[in-house]
Amino acid sequence: MARTPLMAGNWKMNMDHLEAIHLVQGLHQELTDANFDYSKTEVAVIPPFTDIRSVQTVVEGDDMKIKYGAQDVSTKESGAYTGEISATMLSKLGCSFVVVGHSERREYHGESDALVGEKARVALAAGMTPIICCGEGLEVRKAGEQVSHVLAQIDGALDGMSADDVKKSVIAYEPIWAIGTGEVATPEDAQEVCGAIRVRVSELYDAETAEAVRVLYGGSVKSGNVRDIMAQADVDGALVGGASLKADEFAKIARFDA
Ligand code: PGA
């Protein structure tokens, strides 16, 4: 496979900065002990904003190959936007990734596809990789409309993005009914939507862009189910929530093919 798999751990609002240091050190140790090959799989942690400086310090201090990113970004560059964090601030802290449009942000902060797309473009302009999230709720799934629902989100988020920007981006398909519920989509469910996303990218852009963009699955990924999910043709990695909070478990997920 030409696309390098990406395993990203979304910590959500968990771990203070001291716990963050322990978790990153633990993950690094687990992967080092397992002779992990970072050139074959990218590993990233996505901590809360308040942990990023501490994560940067341990990663750079110990020359770790673990990458890191943020869970959100402001569309504004600077100014009177109380509580917001700019893309420049994140890139100066060495962030490689920014998650945009996670379902929890869409739900609790009313983020629209257009806003998610704007955040993705802001992250790209600052030299970071957006992880653009999409996914359907239970009602949509029960109605069998998951593919059209997700493709509409993708159309909205990618609107105005160049092919080059899309090639550099990551798209994460996370069915909301499978997030934090223990209810994992079957590998075939994941493939159905991830494959449809890639076809849509080829329609909106071209085959080369569709081949390049990485599509992740997220939703109750664990060491016990990651292998079958990763075996799907259009799944290039995982966005992992709960299971990324334990170093040994997340290291096992990163070593899905071991
Ligand atoms: P989960 O979360 O792995 O705990 O289901 C995934 C996510 O929301 O990114």
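Residues numbered from 1 in each chain as written. Predicted model: local features only at pLDDT ≥ 70, side-chain atom pairs only at ≥ 80, totals over all residues. Heavy atoms only, no water.

Trainee: What's the story with the overall build of the protein chain in this structure? I'm lost.
Mentor: Within the protein chain, the secondary structure is distributed over twelve helices and eight strands. Relative to the 2.2 N^0.38 estimate, which gives 18 Å for 258 residues, the radius of gyration of the protein chain is 17 Å and therefore close to what a compact globule would have. The dimensions of the protein chain, computed from C-alpha atoms along their principal axes, are 45 × 45 × 35 Å. Across the 258 residues of the protein chain, 52% fall into the buried class. Counting contacts in the protein chain only where the partners sit at least 6 residues apart, residues at least 24 apart contribute 74% of the total. For the protein chain, the accessible surface area stands at approximately 11,400 Å², while carbon and sulfur atoms represent 49% of it. Looking at the protein chain, you have 24 positive and 40 negative side-chain charges, and the mean spots of the two groups are 2 Å apart. (Helix = DSSP H or I, 4+ residues; strand = E, 2+ residues; numbered from the N terminus. Rg over C-alpha atoms; globule rule 2.2 N^0.38 Å. Buried < 20%, exposed > 50% of the residue type's maximum accessible area, 1.4 Å probe, protein only. Contact = heavy atoms within 4.5 Å. Areas by Shrake-Rupley, 256 points an atom, 1.4 Å probe, with all protein chains shown as cover. Lys, Arg positive; Asp, Glu negative; His and termini not counted. Charge placed at Lys NZ, Arg CZ, Asp CG, Glu CD.)

Trainee: What am I meant to see in the layout of surface pockets here?
Mentor: In this approach a probe as big as a water molecule rolls over the atoms, and the regions it shows empty are the leftover space. As a volume, the largest pocket reaches approximately 380 Å³. Around the largest pocket, the lining is made up of 14 residues, and of these Lys12, Met13, Gln71, Glu104 and Arg105 lie nearest the centre. Here the lining of the largest pocket takes four residues from helix α4 (residues 103–109), the largest share from any one element. Looking at the lining of the largest pocket residue by residue, the class counts come to six nonpolar, four polar and four charged. One number sums up the size of the second largest pocket: a volume of about 180 Å³. Lining the second largest pocket are 18 residues; nearest its centre among them are Ile179, Gly180, Ser220, Gly241 and Gly242. A per-class count over the lining of the second largest pocket returns five nonpolar, ten polar and three charged. (1 Å grid on protein atoms, 1.4 Å probe; cavity = no way out; pocket = protein on both sides within 12 Å on 5 of 7 lines; lining within 4 Å. Points joined across faces, edges and corners; volume = space filled by probe spheres on them. Nonpolar A, V, L, I, M, F, W, Y, C, P; charged D, E, K, R; others polar.)

Trainee: Before we go on, may I ask you to explain helix α2 (residues 52–61) in this structure?
Mentor: An α-helix turns once every 3.6 residues. As a result, residues three or four positions apart point the same way. Taken as a whole, α2 has its buried residues at Ile52, Ser54, Val55, Gln56, Val58 and Val59. Each element contacted by the buried residues of α2 is listed here: α1 (17–33), β2 (42–46), β3 (67–70) and α3 (87–92). Once α2 ends, the next one or two residues include Asp63, with phi positive near 55 degrees.

Trainee: Mind showing me how you'd approach the site of the ligand here?
Mentor: In the vicinity of the ligand lie 13 residues, with Lys12, His102, Glu174, Gly180 and Ser220 positioned nearest. Between the ligand and Lys12 there is a distance of 2.7 Å, counted from an oxygen atom to a side-chain nitrogen or oxygen. A distance of 2.7 Å separates an oxygen atom of the ligand from a polar atom in the backbone of Ser220. Here the ligand has 280 Å² of accessible area as a free molecule, and 95% of this is covered by the chains. Taken atom by atom, the bulk of the ligand overlaps the second largest pocket. (Near = heavy atom within 4 Å. Polar contact = N/O pair within 3.5 Å; in protein donor to acceptor, adjacent residues only side chain to side chain. Sits in = over half its atoms within 2 Å of the grid points.)

Trainee: How should the pattern of salt bridges be read in this particular structure?
Mentor: Note on pairing: side chains with opposite charge can pair once their charged atoms come close. Summed over all chains, the structure comprises 19 salt bridges. For Glu211, the salt bridge is made with Arg3, and the minimal N-O distance between the two is 3.4 Å. Taken as a pair, Glu211 in helix α10 (residues 207–212) and Arg3 in the segment before β1 (6–10) lie far apart in primary sequence, 208 residues in all. Looking at Arg3, the relative accessible area reads 9%, which means it is buried. (Salt bridge = Lys/Arg side-chain N within 4 Å of Asp/Glu carboxyl O.)

Trainee: Is there a simple way to think about the environment of Gly137 in this case?
Mentor: Along the polypeptide, Gly137 turns up in the loop between β5 (129–134) and α6 (138–142). Once the C-alpha coordinates of Gly137 and Asp33 are considered, the two residues, 104 residues apart in sequence, prove to be 39 Å apart. Other than its neighbours up to four places away in sequence, Gly137 contacts Ile176 and Trp177.

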